[in-house]
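Examination of the molecular architecture
Each chain, letter by letter, is given below.
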Amino acid sequence: MDNVVEGLGLTKRSLKAITTTKKKDGDGDNSTKIGSVDLEEPLSPSARLLHEPHFNLYIIAIIGCKTKINPTVVKDGLVHTLLKHPRFCSLQVEVGEKGGKMKWVPTEVNLENHVIVPKIYPEMDLQSPDKSVEDYISDLSKTEIDMSKPLWELHLLNIKTADAEAVGIFKIHHSLGDGTSLVSLLLACTRQTADPNALPTIPVTKTTSVRSSGNNTGISWIFMAIWGFLLLAWNTLVDIFMFFATTMFIKDTETPLKGAPGVEFAPKRFVHRSVSLDDIKLVKNAMNTTINDVVLGVTTAGLSRYLNRRYGEDTENDVGATENRNNLPKNIRLRSTLLVNIRPSSGIQALSDMMEEKAEAKWGNWIGYVLFPFTIALRDDPLDYVRQAKLVIDRKKNSYEALYTFVIAEIVLKLFGIKASAALTHRILTHTTMSFSNVVGPLEEIGFYGHQMSYIAPSVFGHPHAFTINYQSYVNKMTIVLAVDKKAVPDPHKLCDDLEESLKLIKDAEEEKAEEEELLDPSARLFHEPKFNLYIIAMLGCKTRINPNIIKEGLLTTVLKHPRFCSLQVEVGGKGGEMKWVPTEVNIENHVVVPEINPAMLDDISTDRFVEDYISELSKTTIDMSKPLWELHILNVKTTEAEAVGVFKVHHSIGDGTSLVSLLLACTRQISDPNALPTVP
C-alpha cells in the first residue's frame with residue numbers, strides 16, 4: 001500500500017483459506033430473517049450482484065471518538081454484539097464455476113483478522129493528522145477484503161484530528177446489507193452516554209392519516225381518489241420511461257463532476273464537514289419543508305457554486321456568479337442515482353434484540369432505483385434552491401419509481417442472469433453523475449463500547465460514480481461526507497466550503513425574509529372583507545382587582561413576543577387587494593385600555609349590566625389599522641362573579657379562536673405552582 005499505510009505500520013497479512021464442512025444448501029429467498037439462519041444459505045441475487053467486477057461495492061463508516069480507543073474493549077464488545085449477526089461471521093463461497101451462485105457458510109471468526117490497529121511510530125510526521133487519516137481511508141478503497149474471511153474490517157486510528165481524539169473506520173462489503181441497515185446495526189452496538197443501558201433514539205417520520213370531513217361527500221372523495229390514482233400512475237409511467245431511456249440513450253452532461261470510464265476501480269478520497277443541524281431545521285420549519293428538502297436544496301446550491309467556479313477556471317474568463325451572469329453552460333443535465341432498499345429497515349431495537357438472541361430481524365437488499373435531477377443554476381434568491389428541491393421530491397414521493405425499477409431489475413435478473421443485471425445497473429450509473437443519500441442519526445450523545453462519539457460519517461465506493469455525497473445527522477450536527485475521484489474533484493475541501501456556504505446563505509435569506517414584510521395568507525385576508533370582518537372577544541373574570549402595570553409588564557414578555565401582535569396589516573396596491581404584515585414598534589399604552597369609571601355611572605344600573613354594555617360597545621367599533629389589531633380592556637368593576645374583568649379584543653386575522661385562547665392561556669400559570677403552565681385535557 002502507499003506510504004501512509006506503511007508509515008502507520010499496517011502490515012499486509014496473507015490469510016489462510018478457512019476450510020468449512022460442506023452441508024446441504026438451505027432454501028432461501030431474497031431476504032433473510034436474521035437470528036435463525038439456515039447453514040450455507042444462498043446469497044440473494046441482489047447481494048450476489050454486488051460482487052460483480054464493475055459493481056463491487058464497499059461501505060465505509062467513519063466514527064470519530066472524543067477519547068482514545070481501547071482496542072481490547074472494542075473487541076470484547078464486538079464479540080457480544082456484531083458477531084451475533086450471522087452475516088458478520090459467515091464466508092461468501094462460490095458454488096460451481098466462477099461468477100456463478102454464492103452461499104453463506106458460517107465460520108469461526110478470528111477478531112485479530114478483522115480489528116486492525118496500525119502502529120503509530122513516534123518518528124512519524126503527523127504535522128497534518130487530518131490528511132494522514134484521509135490518506136489512510138483512501139488507501140482502504142484501493143484493496144478488497146480477502147474472501148477467506150467474513151467481509152468486514154474495523155480499523156482503529158488513535159490519531160487526534162481536528163474534530164476527534166481517535167477515529168474508527170468500518171469497511172464492510174455491501175453484500176452484507178444496505179447502507180441504512182448497516183448503519184442501524186452499528187448504532188445498535190452503541191448506547192446513550194447519559195444512560196449506558198439505553199439504545200440511541202432515532203427520529204421517526206410521522207405519517208398523517210387523511211380523514212374525510214363533513215364537507216367531503218362520497219362523490220368528491222371518489223373524484224379525489226381517482227385523480228390521485230391517475231397522478232400516481234402518470235408519474236410512475238414517466239419515471240419508468242426515463243429509466244429505460246437512461247439505460248439506452250439519455251446521458252448526463254459531461255461536467256467536471258462526471259467520472260471517466262472505469263472510475264469504479266479508481267481510489268476514492270473521503271472528506272467530511274459538520275454543519276449545524278439546527279440551521280437546517282430553522283429553514284425546514286420556516287419554509288414548511290422537510291430536512292431532506294433542505295439538504296437537497298443545499299446540495300444543488302453548493303454544486304452550482306462549485307461548477308460555476310470550475311467552469312470559470314477552465315475558460316479563464318470568469319464572467320460572474322449571479323443568476324444572469326455566470327460561467328455555467330445552459331441546460332446542464334446532472335442527476336443522482338439513489339439506490340433504494342425498498343425493504344423497510346428493521347430498526348435499532350430489533351437489531352439489538354437480534355444480537356442478544358431475543359428476536360429475529362428482517363435483513364436483505366431489495367434494490368430499486370430513483371433518478372433525481374439537480375437543476376444546476378445560480379439563483380439570486382438562495383431559497384429558490386429549497387423550493388425547487390421540494391417540488392421535485394414531492395413529485396418523486398407520488399411515484400412507484402423505486403418499486404417498479406426493482407421489479408424490472410428482478411425480471412432482468414431472472415430472465416438473463418447476474419451479468420445482464422449488472423450491466424443494466426452499470427449502464428444506469430454511468431449515464432448519471434453522482435450518488436446521494438441522507439441517513440437519520442441519534443438524537444443524543446452516544447458511546448461506541450464506552451467511547452463517546454463526536455461524529456458519524458458513512459460513505460461507499462466501488463460504483464461507477466466519481467462523486468458521492470452522504471448526509472448523516474448526529475445530535476445537533478449534520479455531517480456532509482464526500483467520496484470523490486481526485487481526477488474529477490481535485491479539491492473536495494473547496495466543495496465542502498461551497499456546501500457549507502450555501503447552507504449559510506439559505507439560512508440568512510430565510511432570516512431576512514422573516515424580518516421583512518410577509519403577505520397575509522388568503523384566510524387571514526378574508527377576515528377583512530366588509531361582510532366578514534371578524535373580531536374575537538375573550539373575557540377574563542379575576543378574583544382580585546387587576547393591576548394594569550403588572551399586566552403591561554407581563555404582556556411585553558409574552559404576547560408581544562408573537563410577531564402577529566406587533567405587526568401592522570397594510571394593504572398592497574389598491575383597496576381590497578392583498579395585504580402584508582409589517583413589523584412595528586408597539587406602544588403598550590395604545591393597546592391596554594383602562595377606562596375611568598365614575599361611581600355615579602353605576603347609580604342607575606348594576607355592575608353586571610355596566611360590563612355587558614361596555615363589551616357591547618366594543619362590538620360597534622373596529623380597531624384602528626394604524627396599530628396591531630388587538631386591545632386589552634381592564635375593568636376594575638366588581639360583578640356577581642368577579643372582582644374585576646379583563647376583555648381581550650383581537651381581530652380574527654391574527655389567528656383562529658382556539659389558537660388565540662391557547663396563546664392567552666400560555667401567558668398564565670397555575671396558582672398552586674407559579675412555574676407550571678395550565679393543564680388542558
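About the thresholds
Residues numbered from 1 in each chain as written. Predicted model: local features only at pLDDT ≥ 70, side-chain atom pairs only at ≥ 80, totals over all residues. Heavy atoms only, no water. Helix = DSSP H or I, 4+ residues; strand = E, 2+ residues; numbered from the N terminus. Contact = heavy atoms within 4.5 Å. Areas by Shrake-Rupley, 256 points an atom, 1.4 Å probe, with all protein chains shown as cover. Phe/Tyr/Trp six-rings, centres within 6.5 Å; stacked < 30°, edge-to-face > 60°. Buried < 20%, exposed > 50% of the residue type's maximum accessible area, 1.4 Å probe, protein only. Lys NZ or Arg CZ within 6 Å of the ring centre and 35° of its normal. Axes fitted to C-alpha atoms, helices over the stretch in contact; angles between N-to-C directions. Nonpolar A, V, L, I, M, F, W, Y, C, P; charged D, E, K, R; others polar. Core = buried A, V, L, I, M, F, W, Y, C linked by side-chain atoms within 4.5 Å. Domains from an automatic or database assignment. Pairing = 2+ DSSP bridges. Salt bridge = Lys/Arg side-chain N within 4 Å of Asp/Glu carboxyl O. Expected span 1.5 Å × (residues − 1). Arc of directions from axis to C-beta.

What the chain contains, in helices and strands, is 17 helices and 24 strands. Long-range pairs, those at least 24 residues apart, make up 76% of the contacts in the chain with a sequence separation of at least 6. Taken as a whole, the chain presents about 34,400 Å² of accessible surface, with 55% of it coming from carbon and sulfur.

Across all of its chains, the model carries 13 aromatic pairs by this definition. Taking the centre distance of 5.5 Å and the plane angle of 10° together, the rings of Tyr-58 and Phe-461 count as stacked. In this pair, Tyr-58 sits in strand β2 (residues 58-65) while Phe-461 sits in strand β15 (residues 451-461), placing the two residues 403 residues apart along the sequence. With a centroid separation of 5.7 Å and an interplanar angle of 50°, the aromatic rings of Phe-436 and Tyr-471 are classed as tilted. With a gap of 35 residues between them, Phe-436 in strand β13 (residues 434-439) and Tyr-471 in strand β16 (residues 467-474) connect regions that are remote in the sequence. Here the two residues Phe-436 and Tyr-471 agree in accessibility, since each one is buried. Feature note: the residues Phe-372, Phe-374, Phe-436 and Tyr-471 constitute an aromatic cluster, connected by ring pairs. Against the face of Tyr-58 rests Lys-171, its NZ or CZ located 5.2 Å from the ring centre. Note that Lys-649 overlies the ring of Tyr-535, its terminal NZ or CZ placed 5.1 Å from the centroid.

Where helix α11 (residues 401-416) contacts helix α12 (residues 418-430), the axes come no closer than 7 Å and their chain directions differ by 145°. In this structure, α11 uses Ala-409, Val-412, Leu-413 and Phe-416 to contact α12, whose residues at the interface are Ile-418, Ala-420, Ser-421 and Leu-424. Across the contact of α11 with α12, the residue classes tally to seven nonpolar, one polar and no charged.

This paragraph deals with the nonpolar core. Counting residues in hydrophobic clusters, the biggest one holds 64 residues, and the most contacted among them are Leu-78, Leu-82, Trp-152, Ile-169 and Phe-170. Examining the composition of this core, we find that seven residues originate from one element, β2, more than from any other. For this core, the two domains that each supply at least three residues are domain 1 (45-184) and domain 2 (225-313 + 326-447 + 465-517). Discounting chain neighbours no more than four positions away, the residues touching Trp-152 are Leu-78, Leu-82, Leu-83, Phe-88, Leu-111, His-114, Ile-145, Lys-171, Ile-172 and Leu-176. Judged by nonpolar contacts, the second largest core, of 48 residues, contains Val-294, Ile-332, Val-392 and Ile-480.

Spatial ordering of the open sheet is given by β18-β21-β20, a layout of three strands whose pairing is antiparallel. Looking at strand neighbours, the two that pair on one side only are β18 (518-519) and β20 (567-571), the edges of this open sheet.

Within the fold, Pro-196 resides in the loop between β8 (190-192) and α6 (218-248). Pro-196 sits in the exposed class, given a relative accessible area of 57%. The spacing of Pro-196 and Gly-447 is 251 residues in sequence and 8.2 Å in space, taken between C-alpha atoms.

Our next topic: the side chain of Ser-454. Within the secondary structure, Ser-454 is located in strand β15. Ignoring sequence-local partners within four residues, the contact set of Ser-454 consists of Gly-64, Cys-65, Lys-66, Asp-163, Ala-164, Tyr-474 and Lys-477.

A few words on the sheet that holds strand β19 (residues 535-542). With mixed pairing, four strands are arranged side by side in an open sheet as β19-β24-β23-β22. Looking at the sheet topology across the chains shown, the edges are occupied by β19 and β22 (592-593). Bridging between β19 and strand β24 (residues 644-651) involves eight bridges; their strand directions are antiparallel. Bridge pairing in β24 links Ile-536 to Val-650.

Following the criterion strictly, the structure yields 30 salt bridges and no others. Close ionic contact of Arg-269 with Asp-135 constitutes a salt bridge, the shortest N to O distance being 2.5 Å. A residue pair is termed long-range when its members are at least 10 positions apart, and Arg-269 in strand β9 (residues 269-276) and Asp-135 in helix α4 (residues 129-140) qualify at 134 residues. The exposure class of Asp-135 is buried, given its relative accessible area of 12%. For Glu-529, the salt bridge identified is with Arg-525, shortest N-O distance 3.4 Å. Of the residues examined, Arg-525 reaches a relative accessible area of 12% and is grouped as buried. Taken together, the shared-partner salt bridges in this structure form one network comprising Lys-131, Glu-134, Asp-135 and Arg-269.

What follows concerns helix α16 (residues 607-618). Each full turn of the α-helix corresponds to 3.6 residues, which orients residues three or four apart in the same direction. Counted at 1.5 Å a residue, the expected span for α16 with its twelve residues is 16 Å, and the 17 Å between its end C-alpha atoms agrees. All of the buried residues along α16 are Phe-610, Val-611, Tyr-614, Ile-615 and Leu-618. Each buried residue of α16 sits inside an arc of 130° when the element is viewed along its axis, so together they form one side. Against the buried residues of α16 lie β19, β22, β23 (630-635) and β24.

Along its 16 residues, α11 runs 22 Å from first to last C-alpha, staying within 8% of the 22 Å computed at 1.5 Å per residue. Considered for burial, the residues of α11 that qualify are Glu-401, Ala-402, Thr-405, Phe-406, Ile-408, Ala-409, Glu-410, Val-412 and Leu-413. The first or second residue beyond α11 is Gly-417, which carries a positive phi of 95°.

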